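Coordinate analysis (summary)
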Amino acid sequence: ADLEAKASSQTKKDGAPTYTILHNYKKKLYQPKCYLWFKTYTGLEDDEDFDREQIGPAGIAKLCEDIDVSLETVDMLVLAYHLNADTMPIFTKDEWAKGMKKLEVDSIERFKAKLPGLVEKLKDPAHFKEFYRYIFMFAKDSEQKCMPVDTACAMISTVMKGRPHEQRFVEYLGVKKPIKVINKDQWYNFLDFSDTISEDLSNYDGLSSAWPVLLDEYVEWRNEELA
Amino acid sequence: MSLRRKRIDFDTAFDEFKRDLVKMFDFSGTGSVSGMGMYQLVYDICTAVPRPFFEKLYCAIAEFLCEYAAGVRMAILSHDEIVPIYAVYWKKYSIATGYLNAICEYLNGRIVNQRRVPGVSERRLFVGTTNYPRQDVQALANQIWRDHVILEIKHRKHNRILYQIFETIRQDREGQPVNYSVVQEAILSLVALNSRTDQPLELYIEEFETPYIAQIKAYYGQESSIKLSNCSISQYMRSAIERLAQEGIRNSRYCHPTSHARIIQECETQYISNHKTSIQTEFEKMIANHRTEDCSMAYSLLSRIEDGITPLLWSFEKYITTVGKEIILNLGTSITKDPREYVERLIDLHTKYTEVCSKVFKNDAAFVAALDKAFRTIVNDTATNTAARSPEVIARYTDTMLRKKQKTGLSESEIEDRLSRVVILFKYIDDKDLFQKFYSRVLAKRLIFDSSLSAEAEASMISRLKSACGVEYTSKLQRMFTDMTISTDLNTGFKEWLQGNDYSNGLDFSILVLTAGSWPVNSTQPLEFQCPAELEKSITNFTTFYDNRHSGRKLSWFWHWCRADVRVNYLDKRYELSLSLYQFAVLAVFNAGDSFTVTEIREQTKLIEFELLRVVKSLVEASLLIQSNADSNLELSSVLRLNMAFSNKRTKLKISGGLQADTPQETTATIKAVDEDRRLCIQASIVRIMKSRRVLSHMQLVQEVIEQCKTRFAPNVPMIKKCIEQLLDKQYIERAENSLDRYVYVT
């Protein structure tokens, strides 16, 4: 099967075979193998509380090890985005099957090969925005409207790493504790804020703009610090 | 008059004509010159056969006029004072040329009309071989005078006429008597001379107005600078006003109306604009030292120039603000105890400067606006003195005026007057909703405790608020009055019902039924309370009675608003006590014995500890009860005895007084309630605006919300932003895609 798969990627590069053949071929090929791969992460000892058809936190940790990435980096969130996973920290069988099929991946090696490209794609602003907005939905408890501020800080540090205001904003949330939860509007707006407001806040125009009050207060905090 | 064309000899005819002409211009042969004869001659010459001589005649007349004008020039120049002579000659010339023009009417027609003959390929603009344009004789005469007298003297004789004119005016300016009528005639000749040309004022402006304005500039430029450095501002302004008035008169003495504005403007530039900062900086002192005359001079001067009064407005506003803030600051915490000083001193300040506005600044709208702005700052300033919370203070002031049995010593009309003036301050309050809340609290107390001065005074105050803020603003207050009227009827009905059913138990029992929502009572109250057995019967009766009348209505009892008037039997005198219901309940416990602990009283009355201690303390302070361990604090274990030795000079005593005052908790609760109301008000207005506009930018939305809310309070931007976020969260509105500061209404 491995050989055949290689052949498929070969043909894809040439762009020769028709879609239907490839489709049928893929259907036969990926599912069993992909499923077996999936099963290696389910039912782990530490994931006793989780369904046997789900990957839980321990499974994800193992997955990280297998593909040589750290949980602290954006990689695992990129995977979640492509699997369109609904709730952190779970990957369901369905999400896995659909997502991996879309990625045309069924093994550790293939995934490792694919991953850098996926991360690279985040440099496209429109794509990143979609990814960033997805994270809010993924990282909050699906029953809640808002995200606990601790989760939000962790997510911002991971997703927004190196972008303007990332560190200072997280620091603000941690030090001043202005809120307990972050809502969707605040989350969405932080990306726009980071994209448009310069690091030294010189182009921030006060109460005349539509930034959420949380961001106004962040600016105030920064200005107090400067003064 | 003969119209027949004749064959004539031009020289002979013109000689005859010239003889009369000379007489006319010399004014020597008055009476012997026949206008008709000359007219006929002109006609004959112009219609002569075989060739008419009209061009020749025109040239001959021109030649005569030139000679005459040259002669006049010589005559004029032979005098030292040439202006009066010029005026005399000019007058004669203008009269004579007027006649001449009439006599030459036929000639004029021929000369002028030929210009308009159609089909002439090359339009002959000049007469014959001369360079006189085709114009009537009057215009020709004007041109000749201008060239041969005015311009000739200007160019060859150092402009002596105009020089002397300016010199005369300068003497006039320095106060020497002059004959200005001749000067005016000379000046206006410049206008008359060009009156028949395309630019009738050109000569006047060029020869007179422009140099005249330049002289004014130099003269007043120098004079104003000297005055300013030698005199006080006050003297300077006085002389400026004087000079401007003089120049106004001088204008009408000498100049053509078209120059008046320009000349005055130059005077203003020199005397006002160039030194305006000196006046403007001094203005602050003028206001502060009440130099009203100076103020009005400064105003009348600076209002003549563009933007002149702007700094005055600013100083005016700043000064009033400072004075107002000083008043507030000096009152300190006394405002909390007595609102009268605050209100009355601010009203006095307002009255004073309203008068200044009308007397000094002629009710200029800009100054009235500056006064308003200053007062808005003062009234809404809580930073200077935290006790000066105007909505509360002013509401309390109205209460001191409207409560009866006040020791103010004011007559009813004086009270009316103060209340009508307090509305002036009320109008400046930003947080009118807060005022409304406090007003309704004090009003409620007046109505419930029956302590209102008079129904008329109350009604007129309400109508004043209504006219300032609209019907909606007072509707809740109005409903409180309605409840009072209904309750009066209800009590009458209740008494009849009691008698009819023979339920009377000797208690005089009256009830107020108040609509929930219209009254400023906190719905979380009433506290738990066991009504004394003495009243149980009456309460049951009333509940039955009321249920019969209005079935399905729920009555909640507001015990803490109730009062009881009781008569005591256990003392030497039959004292009548006016008590709150809680006080009564506590005293009623002592019907069963002479001594109880606080805990025992609590078991009977079910009052919470905090309230109970407050009530018991008030009775101990009134000496009705005696605390056995008087030195220590009142607590649950304290033992209380009835004071059997109580004595007082009066038999009617009011014990409830101290309990009626607003507690700090009530005040905070009021402010909190207002905050919540505002939030709702802002949210409602956001939804209204977004519903009608669909898409709106952040700034516009904030503006419109402020506009909608400002009659009730001044919403601050962070609060509006918070409300917007709440609505975003509730998905009434959402942010527009691809735009950072636009909102969209969600249908």
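Below, the structure is looked at part by part. Starting afresh in each chain, residues are numbered from 1 along the sequence in its written order. Both sets of labels track the order of writing: A upward for chains, 1 upward for ligands. Selection of residues for local features in this predicted model requires a pLDDT of at least 70, selection of side-chain atom pairs for listing and counting requires 80 or more, and totals for whole chains, interfaces and linings are taken over all residues. The basis for every side-chain value is the complete set of non-hydrogen atoms in the structure, without hydrogens or water.

Turning our eyes to something else, we now look at the sheet that holds strand S8 (residues 733–735) of chain B. All names here are of chain B. Strand order across the open sheet formed by three strands is S7-S9-S8, with antiparallel pairing between neighbours. Strands at the two margins of the open sheet, each flanked by one partner only, are strand S7 (695–697) and S8. The sheet shows a mean angle of 30° between the axes of neighbouring strands, direction not considered. One ladder, built from three bridges, connects S7 with strand S9 (residues 742–745); its direction is antiparallel. Whether two strands pair comes down to DSSP finding at least two bridges between them. Each helix corresponds to a stretch of at least 4 residues labelled H or I by DSSP, and each strand to a stretch of at least 2 residues labelled E; elements are numbered beginning at the N terminus. For helices, the fitted axis covers only the stretch in contact; all axes are lines through C-alpha atoms, and the angles between them, taken along N-to-C directions, range from 0 to 180 degrees.

The next thing to look at is the environment of Leu434 of chain B. Residues and elements named next belong to chain B. Summarising the element assignment, Leu434 is placed in helix H20 (residues 432–448). Throughout this description, buried means an accessible area under 20% of the type-specific maximum (1.4 Å probe, protein chains only), exposed means over 50%, and partly exposed covers the range between. Since its relative accessible area comes to 14%, Leu434 is described here as buried. With 407 residues separating them along the chain, Leu434 and Phe27 place their C-alpha atoms 91 Å apart. Apart from residues no more than four positions distant in its own chain, Leu434 is found in contact with Pro391, Ile671, Val674 and Arg678. Contacts are residue-level and defined by heavy atoms, with any inter-residue pair within 4.5 Å sufficient.

With that out of the way, let us pick up the pattern of salt bridges. Residues and elements named next belong to chain B. We define a salt bridge as a side-chain nitrogen of Lys or Arg found within 4 Å of a carboxyl oxygen belonging to Asp or Glu. Per the stated rule, a full pass over the model turns up 51 salt bridges over all chains. In this structure, the salt-bridge partner of Glu55 is Arg134, at a minimum N-O distance of 3.0 Å. Placement of the pair is Glu55 in helix H3 (residues 54–77) and Arg134 in the loop between helix H5 (105–114) and helix H6 (137–156), with a sequence separation of 79 residues. Overall, the relative accessible area of 19% leaves Glu55 in the buried class. Among the ionic pairs, Asp348 bridges to Arg421, the shortest N-O distance being 3.9 Å. Here Asp348, found in helix H16 (residues 339–359), pairs with Arg421, found in helix H19 (residues 412–428); they are 73 residues apart in sequence, far enough to count as distant. Under the relative-accessibility criterion, Asp348 is labelled partly exposed at 44%.

Residues and elements named next belong to chain B. The end-to-end C-alpha distance of helix H18 (residues 390–402), which contains 13 residues, comes to 18 Å, matching closely the 18 Å that a straight helix rising 1.5 Å per residue would cover. The element H18 is extensively covered by neighbouring structure, given that twelve of its 13 residues are classed as buried. Those residues of H18 that sit buried are Ser390, Pro391, Glu392, Val393, Ile394, Ala395, Tyr397, Thr398, Asp399, Thr400, Met401 and Leu402. A helix is expected to span 1.5 Å multiplied by its residue count minus one.

Attention shifts here to helix H10 (residues 233–254) of chain B. All names here are of chain B. Between the first and last C-alpha of H10 there are 31 Å, a value that for 22 residues agrees with the 32 Å anticipated at 1.5 Å per step. Looking at H10, one finds that the buried residues are Ile233, Ser234, Tyr236, Met237, Ser239, Ala240, Arg243, Leu244, Glu247, Arg250, Asn251 and Tyr254. Check the buried side of H10 and you find it contacts helix H7 (160–173), helix H8 (180–193), helix H9 (202–230), helix H11 (257–271), helix H12 (276–288) and helix H13 (292–302).

Walk down a regular strand and you will see the side chains alternate between the two sheet faces. All names here are of chain B. Because side chains alternate across S9, one face comprises the buried residues Tyr743 and Tyr745, and the other comprises Arg742 and Val744, none of which is buried. Bridge count for S8 against S9 is three bridges, and the pairing is antiparallel. Residue Arg735 lies in a different strand from S9, and its bridge partner there is Tyr743. Joining the antiparallel neighbours S8 and S9 is a turn of six residues, in which Asn738 adopts a positive phi near 60°.

Okay, the interface of chain A and chain B next. At the interface, 17 residues of chain A touch 14 residues of chain B. The term polar contact refers here to a pair of N or O atoms within 3.5 Å; inside protein, the definition further demands a hydrogen-donor-capable atom paired with an acceptor-capable atom, and it admits residues adjacent in sequence only when both atoms are side-chain atoms. Remark: the boundary between chain A and chain B carries eight residue pairs in polar contact (both at pLDDT 80 or more). Broken down by secondary-structure element, the contributors of at least two residues to the side of chain A that touches chain B are helix H10 (184–196) and helix H11 (213–226) of chain A. Tallying contributions element by element places H10 of chain A first for the side of chain A that touches chain B, with five residues.

A pocket, in this scheme, is an open set of points on a 1 Å grid over the protein atoms alone with protein on both sides within 12 Å along at least 5 of 7 lines, while a cavity is a set where a 1.4 Å probe fits but cannot get out; residues line either one if an atom lies within 4 Å of a point. Grid points are joined across faces, edges and corners, and a volume is the space filled by probe spheres set on the points. Applying the stated criterion to the full structure yields two cavities of 30 Å³ or more. A volume near 40 Å³ is recorded for the largest cavity. Forming the walls of the largest cavity are Phe494, Leu498, Tyr503, Ser504, Asn505, Leu507, Phe509, Ser538 and Asn541 of chain B. Secondary structure elements with two or more residues in the lining of the largest cavity: helix H22 (471–501) and helix H23 (533–549) of chain B. Classes in brief: Ala, Val, Leu, Ile, Met, Phe, Trp, Tyr, Cys and Pro nonpolar; Asp, Glu, Lys and Arg charged; the others, Gly included, polar. Along the lines of polarity and charge, the residues of the lining of the largest cavity split into five nonpolar, four polar and no charged. Computed from the structure, the second largest cavity encloses a volume of approximately 30 Å³. As for the second largest cavity, its lining consists of Ala210, Trp211 and Pro212 of chain A together with His698, Lys721, Ile724, Glu725, Arg735 and Tyr743 of chain B. For the lining of the second largest cavity, the element with the most residues is helix H29 (residues 717–729) of chain B, which contributes three residues. Each residue belonging to the lining of the second largest cavity can be placed in one class, and the counts come to five nonpolar, one polar and three charged.

We now examine unusual backbone geometry. Residues and elements named next belong to chain B. The omega torsion of the bond from Val49 to Pro50 falls at 0°, within 30 degrees of zero and hence cis. Note that Pro50 resides in the loop between helix H2 (35–47) and H3. You will see that Ser623, though not glycine, has its phi angle at about 65°, which is positive. Take Ser623: its relative accessible area is 34%, and that puts it in the partly exposed class. In the Ramachandran plot, Gln731 falls in the positive-phi region, its phi being about 60° despite a non-glycine side chain. Counting through the fold element by element, Gln731 comes out in the loop between H29 and S8. Among the residues examined, Gln731 registers a relative accessible area of 56% and is labelled exposed.

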